[in-house]
Amino acid sequence: MSLPYRKNKALISMLSGFALTGFVLLVLLRCYQAFMLREGHVVPENHLWLQGLGFLLDAMVWLTFILIVAIPARIVMVFSGILAKVMPAIAMIVFLLTEVALFEYFRTTLTLLDQVIFSYSPAEMVMIVRSSVPTGVKTFLPLIVMACLLLPALWLTFTVKWPVLTSRIILFLMLLSPAILIVFQPGANRFDTPFSYHITTSKTGFLVKKTWTYIRQPGDPEMEEIMAAAGRFRKDHPETGFLGSQYPFMHPDKTPDVLSHFFNLGTEKPNLVFLIVESLSMSFIGTNDIFGSFTPFIDSLARHSLVWNNCLSTSDRTFNVLPAIFGSLPPGDPSIMQDISKLPYHFSLIRFLQENGYQTSFFYGGDPAFNNMEGFLKKQKIGYILRHFGPDYHKQDPGTNTYTWGYSDGDLYRRSMEVIDSLTASPRLDIYLTLSLHAPFRPPYHEDYLTKTDRRRREMKPVPKLWEDSETYKDIF
C-alpha cells in the first residue's frame, strides 16, 4: 500500500470521525434549542418538526465545513500528521461554539445575526451584548457545557477506528453536501412566519452566507459605467427634462404640492420637532391583525394628524435612521457609519435649516457616539448635541442586566427643556431619539405599565395565540 494512499485513507477515516461526532453534538444542541425556545417563547405547533429539519441543515453545513477544512488538512499532512489532526479539531470547536453563541443571540433577539455585525465596532458589539443578555454563570453555561462535551468527543474521534464503509458513506455525503445545501435549502418564503424560518435554519450557515454576500459586494463602479447608466435612464425618461451630464439627474422640480393646504403658515418660521421612537413597530399600533393596538394615545393623535400607512424605509435598524430620515439617503454599506469620511457631500434637512437661521439640536438618552451618529450630525453642521445630564438624573434600571443603554424618555424630555431654555429662541429643529422601548424594556414605573398592559389585553380580548404572546412577552407589550 503506497504512502499517499495510506495518508488519504487515514485522513478520510479521521474526518469521518469528526463528522459523526459533530452529528451527535448537533443533535444535543438541537434538543437544547427546542427546550429553551419552548421554555421562553411561544413556539409554532410544528416546532419539533422544524428542529428536526434544522438538524438536517446543520448537518449539511457541518459536512461542507469539514470538506473545506479537508483541503488544507491534506496538504499539511504531507509535513505533519499531528497538525493535520489539530486543524479539523479546531474547526469543530469553533463551529460548535459559534453555533451555540448564535443560538443564544437568536433566543434573546428572535432574529438571526447577519452582516449587521459590520455596522458596529468591537466595543459597540460588547455593549450590545451586555445590554441584551444578563451576564453571569448562567449566561455562559451553554458555552461551558458544550466546551466540556467537546473534550470527550475529541478523545473518541482520535481513538475510535471507523469501518471503511462508514467512512466512504460520510465522504460521499461530504462531497454532496454543498450541492444539497444549494438545491434543497428552503428559503424564508417556504415558512409560515419568519420565526419558523429562523428556528429551522443553521445559524452559522446563515451568518457565513450573509457575510460572504457582503464581502462579495461589487466595488465602486467606474465613472464611465455611471455615466452610461445615467444616459440610459435619461433616454428612457425624456419627460423629466434633465439639465445636463455634469449632474446627471438634476431636473426641474415638478412635484405637485399636496401638503401645504394642511398647514396654516404665517410670516414666522415654524419650530420643528422630530420624535424617533426606538423599536416601535406597526404591529402594536392602530388597527392591525397582528396584536392590535397597545398605543391608545398615538391612535388618538392619528385621528387628528397626517398619517402615512405605507412608507418605504431605507433603514432596517437604528444605526441608519438619521441619514434615512433627514437625508433620504439610500441603504448602502452598513460600515459607512463607522467612517463618515466615506460619505460624499450631500444635502440634508438638518444642514438646510441650520444654514437658514434655525437652532438645530439632537437629544438622546444614550451615547451619541454610538454607531457614529455624532459624526453624521457634525457633518450636517448641527448646532447642539446633548452629551451630559447631570447629578439629578439617573440611568434606567437594567433589571437583571448589568448594563443600561442610558436615560429614560421622561428624563430625556425634562433635560431637553432645560437645554432649550438656555439656547437661542425659535426657529428651532429639535430631534429626539428615545430609549425606553429598547431592550431590556425596563422603563421607570415598570410595574404600573405592566398593570396597564394587562388591562389593555383584557379590553381587546385577543385570540388565544396572541393572548399567549402578550403574556410571554409582556415586558415588550
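Residues numbered from 1 in each chain as written. Predicted model: local features only at pLDDT ≥ 70, side-chain atom pairs only at ≥ 80, totals over all residues. Heavy atoms only, no water.

A.B. asks: Pulling in residues and values, what's your account of the packing of helix H2 (residues 47-77) against helix H6 (residues 164-184)?
C.D. replies: In helix packing, the relevant descriptors are the interaxial angle and the interaxial distance, both defined with respect to the helix axes. Where H2 contacts H6, the axes come no closer than 8 Å and their chain directions differ by 110°. Compared by their axis directions, H2 and H6 come out roughly perpendicular. Pair H2 / H6 crosses with left-handed handedness. Listed contacts from H6 to Leu57, Met60, Val61, Leu63, Thr64, Ile66 and Leu67 of H2 are Ile170, Leu173, Met174, Leu175, Ser177, Pro178, Ile180 and Leu181. Grouping the amino acids of the contact of H2 with H6 by side-chain chemistry returns 13 nonpolar, two polar and no charged. (Axes fitted to C-alpha atoms, helices over the stretch in contact; angles between N-to-C directions. Helix = DSSP H or I, 4+ residues; strand = E, 2+ residues; numbered from the N terminus. Parallel < 35°, antiparallel > 145°, perpendicular 65-115°, else oblique. Left-handed = near helix turned anticlockwise from the far one by under 90°. Contact = heavy atoms within 4.5 Å. Nonpolar A, V, L, I, M, F, W, Y, C, P; charged D, E, K, R; others polar.)

A.B. asks: Could you give an account of the sheet that holds strand S4 (residues 428-433), with specific residues and numbers?
C.D. replies: Hydrogen bonding along the main chain pairs the strands of a sheet, whether they run parallel or antiparallel. If you trace the four strands from one edge of the open sheet to the other, you get S1-S4-S2-S3, paired in parallel fashion. Strands with a single pairing partner mark the edges of an open sheet, and in this sheet they are strand S1 (272-276) and strand S3 (384-385). With five bridges connecting them, S1 and S4 associate as parallel partners. Counterpart to Val273 in the pairing with S4 is Asp430. (Pairing = 2+ DSSP bridges.)

A.B. asks: Give me the lowdown on unusual backbone geometry, citing residues and values where you can.
C.D. replies: Even without glycine at this site, Ser328 takes up a positive phi of about 50°. Phi at Tyr445 is positive, roughly 60°, even though this residue is not glycine. Here Tyr445 is to be found in the loop between S4 and helix H15 (446-460).

A.B. asks: How would you explain a nonpolar patch on the surface if you had to name every residue and give the values?
C.D. replies: A surface patch of nonpolar side chains, about 730 Å² in accessible area, is lined by Val258, Leu259, Phe262, Phe263, Leu265, Leu306 and Trp308. Among the structural elements, Leu306 can be located in the loop between helix H10 (296-302) and helix H11 (321-327). (Patch = residues over 30% accessible without salt bridge, like charges linked within 9 Å, V, L, I, M, F, W, Y side chains within 5 Å. Areas by Shrake-Rupley, 256 points an atom, 1.4 Å probe, with all protein chains shown as cover. Salt bridge = Lys/Arg side-chain N within 4 Å of Asp/Glu carboxyl O.)

A.B. asks: So what's going on with the side chain of Lys203? Residues and values would help.
C.D. replies: Here Lys203 shows up in helix H8 (residues 203-215). As a buried residue without a salt bridge, Lys203 has its nearest oppositely charged side chain in Glu99, at a separation of 4.9 Å. Polar side-chain contacts of Lys203 include one of 3.2 Å to the backbone oxygen of Ile199. Engagement of the side chain of Lys203 in a polar contact is seen with the backbone oxygen of Thr201, the distance being 3.1 Å. When neighbours within four sequence positions are excluded, Lys203 is seen to be in contact with Arg30, Gln33, Glu99, Leu102, Phe103, Phe106, Leu112 and His198. (Buried < 20%, exposed > 50% of the residue type's maximum accessible area, 1.4 Å probe, protein only. Lys, Arg positive; Asp, Glu negative; His and termini not counted. Polar contact = N/O pair within 3.5 Å; in protein donor to acceptor, adjacent residues only side chain to side chain.)

A.B. asks: Account for the pairing of S4, with residues named and values stated.
C.D. replies: The side chains of a regular strand alternate between the sheet's two faces. A large share of S4 lies buried, amounting to six of its six residues. Neither face of S4 is exposed, since Arg428, Asp430 and Tyr432 on one face and Leu429, Ile431 and Leu433 on the opposite face are all buried. Of the pairings in the sheet, the one linking strand S2 (residues 359-364) to S4 comprises six bridges and is parallel in character. Note on S4: the bridge partner recorded for Phe363 is Tyr432.

A.B. asks: So what's going on with the side chain of Gln380? Residues and values would help.
C.D. replies: Among the secondary structure elements, Gln380 is positioned in the loop between helix H13 (373-379) and S3. Polar side-chain contacts of Gln380 include one of 3.2 Å to the side chain of His346. Within the structure, Gln380 has its side chain in polar contact with the side chain of Ser348 (distance 2.7 Å).

A.B. asks: Report on the environment of Lys378, specifying residues and quantitative values.
C.D. replies: Considering the arrangement of structural elements, one finds Lys378 in helix H13. Sequence spacing of Lys378 and Ile340 is 38 residues, and the spatial spacing of their C-alpha atoms is 9.8 Å. When residues no more than four places from it in sequence are discounted, the contact partners of Lys378 are Ile385 and Arg387.

A.B. asks: Mind laying out the packing of aromatic side chains, listing which residues take part and the relevant values?
C.D. replies: Across all of its chains, the model carries 21 aromatic pairs by this definition. Summarising the aromatic geometry, the rings of Phe363 and Tyr384 are spaced 6.0 Å apart at their centres and angled 50° between planes, so their arrangement reads as tilted. Highlighted residues: Phe363 in strand S2 and Tyr384 in strand S3, separated in sequence by 21 residues. Through a chain of ring-to-ring contacts, three or more aromatic side chains come together here, namely Tyr32, Phe103, Phe106 and Phe195. When the ring centre of Phe106 is taken as reference, the NZ or CZ atom of Lys203 above it lies at 5.4 Å. (Phe/Tyr/Trp six-rings, centres within 6.5 Å; stacked < 30°, edge-to-face > 60°. Lys NZ or Arg CZ within 6 Å of the ring centre and 35° of its normal.)

In short, the description is geometric, and any link to function would need to be established separately.
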